[in-house]
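Below are the chains, spelled out letter by letter.
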Amino acid sequence: MNDGDGTVHDVWERKYHLALERMERDERDFRRLEEGLRRLVLRLTALARGQSAQADRLLDQLGDGLSLASDPDALDALLEALAEAVTALEQRPEPTPQHDGVQEATEALRQVLFHVVLMPVFAGRVDALHAMLGQARDMAAISSAARGVADVVNQQRNSLRHDIAQLQELLADVSGRLGDMTRYLVAETGNVGAGDEQGRDLDATVREEMRLLVEQTRGATDLEALQAQVNARLSMIDEHFRAFRVREDERLATYRDRAERMKDRVEELETQATSLQDSLRREHELALTDPLTGLPNRLSYERRMAKIEQDVREDGGMACVGAFDIDHFKVINDSFGHAAGDAVLRIVAQTLTRELPEPAFVARYGGEEFVVVFAGISAEEAIAAAQALCETVAALAFHASQKPVTVTMSGGITRFLADDTAATVFDRADRALYAAKRAGRNRCLLL
C-alpha cells in the first residue's frame, strides 16, 4: 500500500512541476513578444517625429514610458493625448503630406500583425486591423490602428494572466490535496506500527500465561485444583485475545473510514486533474492552430523548426524550408471582399495539405504567407515539389461573385545548413520568395 501511494504522490508531483514549467515558458514567450513590440513602437515614434512640438513632446514621453516599462494605464493616457495631437495636426489649414511615412508605418504595423502570435479568439480583431491599415491614408489612422494593436496585445496579456491565475489556484488546490495524502500516509504508517506493537504485546502476554500454566501443571498434586488453574489461565488467555480483537476492530474501523475519505479525495483530485489535462490539451491545440485555415500556425512552425535544427546539427539530418505567398492577394481582398480572400486562403491551405503528405510540414506563417518544412529530401527534390505546388494552385478554379478569379502562388526554397538557425534559413527562403515575385510571380526559386 505504501509503495503504491508513494507512486501516486510522485506522479502528481511531476504533473505539478510540468504545469509550472509550461506556465513559466508561456510567460517567457510573452515577455519576449512584449519586448519586441516595445522596440517596434519606439521605432514608430521616431518615424512620426517632426509633425509638431506638442506631438514630439508626447512621443518623447511615450518612448520614455516604454523604455521604463511603465504602467499600461499611464501609457493609455499618453496614447489618448497623442491621438488628440494627431487630430489637431489633421485640422491645420495646409497639412504637409506624409505619404512615405504613412506607408512605412502601415507596413511596420502589418508586419507586427503578421509576426505576433495571438490566440484564436482575437482572429476577428486582427482581420479588422488589417482592413483598417488597408484604408489608412494619414497618421491619425495609423495612430488609431497602432492603438488597436496595443489593445489586442494588452487583452491577450490580461487573458494569459487570468489563465495563469486560474492554473495557480488549481495547482494550490492540488498541492493541498497532496498534503492531505501525505498526512494520511504518515498516519497509516503510525497505525501499522501501533498494530505491530499490539501484536507483540499479545504474543508476550500469551507466552507468559503459557509459562505460568506449565509451572502450575508441574507442581500440581490435586487434579481438581490443576483443572481449576488450567481453566483460569485459559480464561485469562481468552480475555487477552478478546481485548486484542476489540482494539484491532476499532483500529481497522478507523482505518477504513480514513481510507474511504481519502479515496473520495483522490477521485475528486483525479477528476479535476483530468479536466485540467483536457482543458490544457484543447488550449494547446488551439494555440498551435490557425483558426481560419486549420493549419498549424507560426508558433507550431517555430516549435517544429527547433526540432529540425537539432536534427540537422546533431544528427546530420537533411531538410529544406519553403516560403510561399499568394500573388496579388490584396487585389483579391479589395476587389471581392475579405470573405473571398478568406476562401482563397482556406482552399490554398487545403491544397498544400493534400499535395504535401507527411513528413512535409505545412503552416500558415501570417497573412497570405505559408511555410513548408521538407524533411529528409534534397534541395532539388524540394524545388520540384514546390514548383508542382505552384502549378496545382494556378490550375484551381476559384470563383467570387459568380466570376472566375485567377489565383497564383510564388515560392522560395532553401536548404537548412548545419550552421543555420531557424531565423536565418527562413530569411533566406523569404528572399528567394521575393526574388520569385520580382521574376514574374507564379513560380518558385531556389536560393
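Reference entry: report on the structure contained in this document. (Residues numbered from 1 in each chain as written. Predicted model: local features only at pLDDT ≥ 70, side-chain atom pairs only at ≥ 80, totals over all residues. Heavy atoms only, no water.)

## Describing the overall build of the protein
Broken down by element type, the protein carries twelve helices and seven strands. Taking all 447 residues of the protein together, 36% fall into the buried category. Counted over contacts in the protein with a minimum sequence separation of 6, partners at least 24 positions apart contribute 71%. For the protein, the computed accessible surface area is about 25,200 Å², with 53% contributed by carbon and sulfur atoms. (Helix = DSSP H or I, 4+ residues; strand = E, 2+ residues; numbered from the N terminus. Buried < 20%, exposed > 50% of the residue type's maximum accessible area, 1.4 Å probe, protein only. Contact = heavy atoms within 4.5 Å. Areas by Shrake-Rupley, 256 points an atom, 1.4 Å probe, with all protein chains shown as cover.)

## Some details on the pairing of strand β1 (residues 319-326)
Among the eight residues of β1, eight are classified as buried, and the element is accordingly described as predominantly covered. Because side chains alternate across β1, one face comprises the buried residues Ala319, Val321, Ala323 and Asp325, and the other comprises Cys320, Gly322, Phe324 and Ile326, equally buried. Both β1 and strand β3 (residues 369-375) contribute to a ladder of seven bridges, which runs antiparallel. Considered in β3, the bridge of Val321 is made with Val373. Here β1 runs beside strand β6 (residues 409-415); their pairing, made up of seven bridges, is antiparallel. Looking at β6, one finds that Cys320 is bridged to Arg415. (Pairing = 2+ DSSP bridges.)

## Things to note about the packing of aromatic side chains
With the rule as written, the count across this model stands at three aromatic pairs. One aromatic cluster is present, formed by Tyr301, Tyr365 and Phe426 through successive ring pairs. (Phe/Tyr/Trp six-rings, centres within 6.5 Å; stacked < 30°, edge-to-face > 60°.)

## A short note on the sheet that holds β1
The five strands are arranged β2-β3-β1-β6-β7 in an open sheet whose pairing can be described as mixed. Either end of the sheet is taken by a strand with one partner, and the two such strands are β2 (361-366) and β7 (444-446). Here the average twist between neighbouring strands, direction ignored, is 20°. (Axes fitted to C-alpha atoms, helices over the stretch in contact; angles between N-to-C directions.)

## Side note on unusual backbone geometry
We note that Arg441 has phi near 65°; this positive angle belongs to a residue other than glycine. In this structure, Arg441 sits in the loop between α12 (422-438) and β7. A positive phi is found at Asn442, a non-glycine position, where the angle reads about 55°.

## Considering the pairing of β6
Regular strands have side chains that alternate between both faces of the sheet. Counting buried residues in β6 gives six out of seven residues, a clear majority hidden from the surface. One ladder, built from three bridges, connects β6 with β7; its direction is parallel. Residue Gly411 lies in a different strand from β7, and its bridge partner there is Cys444. Viewed along the sheet, the connection from β6 through α12 into β7 turns out left-handed. (Right-handed = clockwise from strand over helix to strand, strands pointing away.)

## A short note on helix α10 (residues 338-355)
End to end, α10 covers 26 Å across 18 residues, agreeing with the expected 26 Å (1.5 Å per residue, within 8%). Here α10 has its buried residues at Ala340, Gly341, Val344, Leu345, Val348, Ala349, Thr351 and Leu352. (Expected span 1.5 Å × (residues − 1).)

## Observations concerning helix α9 (residues 329-336)
Within α9, burial applies to Phe329, Ile332 and Asn333. Within α9, the buried residues cover an arc of 95° as seen down the axis, which keeps them to one side. Close packing links the buried residues of α9 with β1, α10 and β5 (403-405). In the segment just after α9, Gly337 is the residue with positive phi, at about 100°. (Arc of directions from axis to C-beta.)

## Some remarks on the pattern of salt bridges
This model, assessed by the stated rule, comprises nine salt bridges. With its nearest N and O atoms 3.1 Å apart, the salt bridge here joins Arg298 to Glu302. Placement of both Arg298 and Glu302 in helix α8 (residues 298-315) is noted, with a separation of four residues, approximately one turn of the helix. With relative accessibility at 16%, the residue Arg298 sits in the buried group. By relative accessible area, Glu302 is classed as partly exposed at 36%. Of the charged contacts, one joins Arg354 and Glu355 as a salt bridge, the two residues approaching to 3.4 Å between their closest N and O atoms. (Salt bridge = Lys/Arg side-chain N within 4 Å of Asp/Glu carboxyl O.)

## Examining the environment of Arg313
Note on placement: Arg313 falls in helix α8. Of the residues examined, Arg313 reaches a relative accessible area of 45% and is grouped as partly exposed. Sequence separation of Arg313 and Leu417 is 104 residues, and the distance between their C-alpha atoms is 8.3 Å. In contact with Arg313, not counting residues within four places along its chain, are Ala418, Asp419, Asp420 and Thr421. A polar contact is formed between the side chain of Arg313 and the backbone oxygen of Asp420, at a distance of 2.8 Å. (Polar contact = N/O pair within 3.5 Å; in protein donor to acceptor, adjacent residues only side chain to side chain.)

## Structural notes on a positive patch on the surface
Together, Arg22, Arg25, Arg28, Arg303 and Lys307 make up a region of like positive charge exposed at the surface. Among the elements of the structure, α1 (2-47) and α8 are those that each provide at least two residues to the positive patch. Ranked by residues supplied to the positive patch, first place goes to α1 with three residues. The topology assignment puts Lys307 in helix α8. Classification of Lys307 by relative accessible area gives exposed; the value is 59%. (Patch = residues over 30% accessible without salt bridge, like charges linked within 9 Å, V, L, I, M, F, W, Y side chains within 5 Å. Lys, Arg positive; Asp, Glu negative; His and termini not counted. Charge placed at Lys NZ, Arg CZ, Asp CG, Glu CD.)

## Re the nonpolar core
Counting residues in hydrophobic clusters, the biggest one holds 32 residues, and the most contacted among them are Phe324, Val348 and Phe370. The element contributing the most residues to this core is helix α11 (residues 379-395), with seven residues. Apart from residues lying up to four places away in sequence, Phe370 is in contact with Leu295, Gly322, Ala323, Phe324, Ile326, Leu345, Val348, Ala349, Leu352, Ala363, Arg364 and Tyr365. Core analysis: the second largest hydrophobic core is formed by 17 residues, Tyr301, Phe361, Val371 and Leu433 among them. (Core = buried A, V, L, I, M, F, W, Y, C linked by side-chain atoms within 4.5 Å.)

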